[in-house]
Amino acid sequence: MIALAARPFEFALAPGRAALVVIDMQRDFIEPGGFGASLGNDVGRLRPAIAPIAALLAAWRARGWPVLHTRECHRSDLADCPPAKRERGRPALRIGDVGPMGRVLIAGEPGAEIIPELAPARGEWVVDKPGKGMFCNTCLPEGLHARLQAAGIAQLVFTGVTTEVCVQTSMREANDRGYECLVVEDATESYFPEYKAAALAMITAQGGIVGWSAPSGALLAALEAAAPRR
Ligand code: C5J
């Protein structure tokens, strides 16, 4: 076990049993012209998470530990997109409409791809999900929980966007399935800084009711000190 200073108290990281989870670092959320921008958001607010995630990916890859990327996207026929989701709000572009990066939030379109800086490496899991949570109706026939269990994963280290939507929803789903969850504070971002702060506070309140949080620097330093690179 690797002891890590975290909130609300120390986290004991289990080498090899802790998957790094990168939630929805897709062009549709991070680049101009995508889904996030169509909802009126300042997409530049998400970019500070990129460098810390890249550093964590390098650390996990150097040790041969498991990495999981998710993508929020839908089938091209929208069969997995509830009308309530598509019709909500007054976006400039709705899910499935054609925008500057192809059809918005549709699997296989340029906008649904993960940004090049964080492109998945060969052998890493890429899980397409139509919802906010990563355990709901994914592309995996056996379901994500079964896949993680088969791989012996007991801990999930969360990064990605947005903190209070897909990251927090996925973390809550994981917590209810028995995983120990840690969110990396500077490796997640929101379009709304106050919602990011509130989500991190909610996660760690009440003795870590959803899980732990720690900055990437503390996590990387603990790994360097205790777990040799392969
Ligand atoms: C949103 C996400 N915000 N990945 N998706 O709609 O957080």
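(A) Geometry of the sheet that holds strand β7 (residues 125-129). Spatial ordering of the open sheet is given by β7-β4-β3-β8-β9-β10, a layout of six strands whose pairing is parallel. Each edge of the open sheet carries a strand with a single partner, namely β7 and β10 (212-214). Direction aside, the axes of adjacent strands within the sheet are offset by 25° on average. Note: strand β9 (residues 180-189) against β10, three bridges, orientation parallel. From the neighbouring strand, V183 faces β10, where its bridge partner is S213. Against the sheet, helix α3 (residues 50-63) contacts β3 (18-23), β4 (67-72), β8 (155-161) and β9, and its axis sits at roughly 150° relative to β3. Across the face of the sheet, helix α7 (residues 193-208) comes into contact with β9 and β10 while running at roughly 165° to β9.

(B) Spotlight on the environment of P66. As for its placement among the helices and strands, P66 is situated in the loop between α3 and β4. Look past the residues within four positions of P66 in its chain and what remains in contact with it is G16, A18, A19, L20, W60 and I153.

(C) Structural view of the nonpolar core. Counting residues in each nonpolar core, the largest one holds 44 residues, and the members touching the most others are M25, W60, L182 and L219. Top contributing element to this core by residue count: α3, with six residues. Once you skip the residues sitting within four places of it in the chain, L219 turns out to touch L4, L56, W60, V157, L182 and V184. Counting 23 residues, the second largest nonpolar core, distinct from the first, contains V127, L148, V167 and A174.

(D) How the structure looks around helix α8 (residues 216-226). Every buried residue belonging to α8 is among S216, L219, A222 and L223, and all of these are buried. Within α8, the buried residues cover an arc of 135° as seen down the axis, which keeps them to one side. Buried residues along α8 sit against β1 (2-4), β2 (11-13), α3, β8, β9 and β10.

(E) View of the packing of aromatic side chains. Considering all chains together, one arrives at six aromatic pairs under this definition. Where W60 meets W65, the ring centres are 5.4 Å apart and the plane angle is 80°; that geometry is what we call edge-to-face. In this structure W60 comes out as buried when scored by relative accessible area, which is 0%. Residue W65 is classed as buried on the basis of its relative accessible area, which comes to 11%. Where F192 meets Y195, the ring centres are 4.9 Å apart and the plane angle is 40°; that geometry is what we call tilted. Its relative accessible area of 32% is what places F192 among the partly exposed residues. Through successive ring pairs, a cluster of aromatic residues spans F9, F11 and W212. The ring of W65 has R63 lying over it, and the distance from NZ or CZ to the ring centre is 6.0 Å. Its end group placed over the ring of W125, R147 keeps NZ or CZ at 5.6 Å from the ring centre.

(F) Molecular detail of the confidence of the model for the protein. Summing up the model confidence of the protein, the mean pLDDT is 97 and the portion of residues at 70 or higher is 100%. Confidence, read as mean pLDDT per element, is least for α8 in the protein (94) and greatest for β9 (99).

(G) Broad picture of the packing of helix α6 (residues 163-176) against α7. Between α6 and α7, the shortest axis-to-axis distance is 10 Å and the interhelical angle comes to 15°. With respect to α7, the axis of α6 lies roughly parallel. With respect to the hand of their crossing, α6 and α7 are arranged in right-handed fashion. Contacts between α6 and α7 involve T163, E164, Q168, M171 and R172 from the former and Y195, K196, A199, L200, M202 and I203 from the latter.

What counts, and where the lines are drawn
Residues numbered from 1 in each chain as written. Predicted model: local features only at pLDDT ≥ 70, side-chain atom pairs only at ≥ 80, totals over all residues. Heavy atoms only, no water. Pairing = 2+ DSSP bridges. Helix = DSSP H or I, 4+ residues; strand = E, 2+ residues; numbered from the N terminus. Axes fitted to C-alpha atoms, helices over the stretch in contact; angles between N-to-C directions. Contact = heavy atoms within 4.5 Å. Core = buried A, V, L, I, M, F, W, Y, C linked by side-chain atoms within 4.5 Å. Buried < 20%, exposed > 50% of the residue type's maximum accessible area, 1.4 Å probe, protein only. Arc of directions from axis to C-beta. Phe/Tyr/Trp six-rings, centres within 6.5 Å; stacked < 30°, edge-to-face > 60°. Lys NZ or Arg CZ within 6 Å of the ring centre and 35° of its normal. pLDDT = per-residue confidence, 0-100. Parallel < 35°, antiparallel > 145°, perpendicular 65-115°, else oblique. Left-handed = near helix turned anticlockwise from the far one by under 90°.

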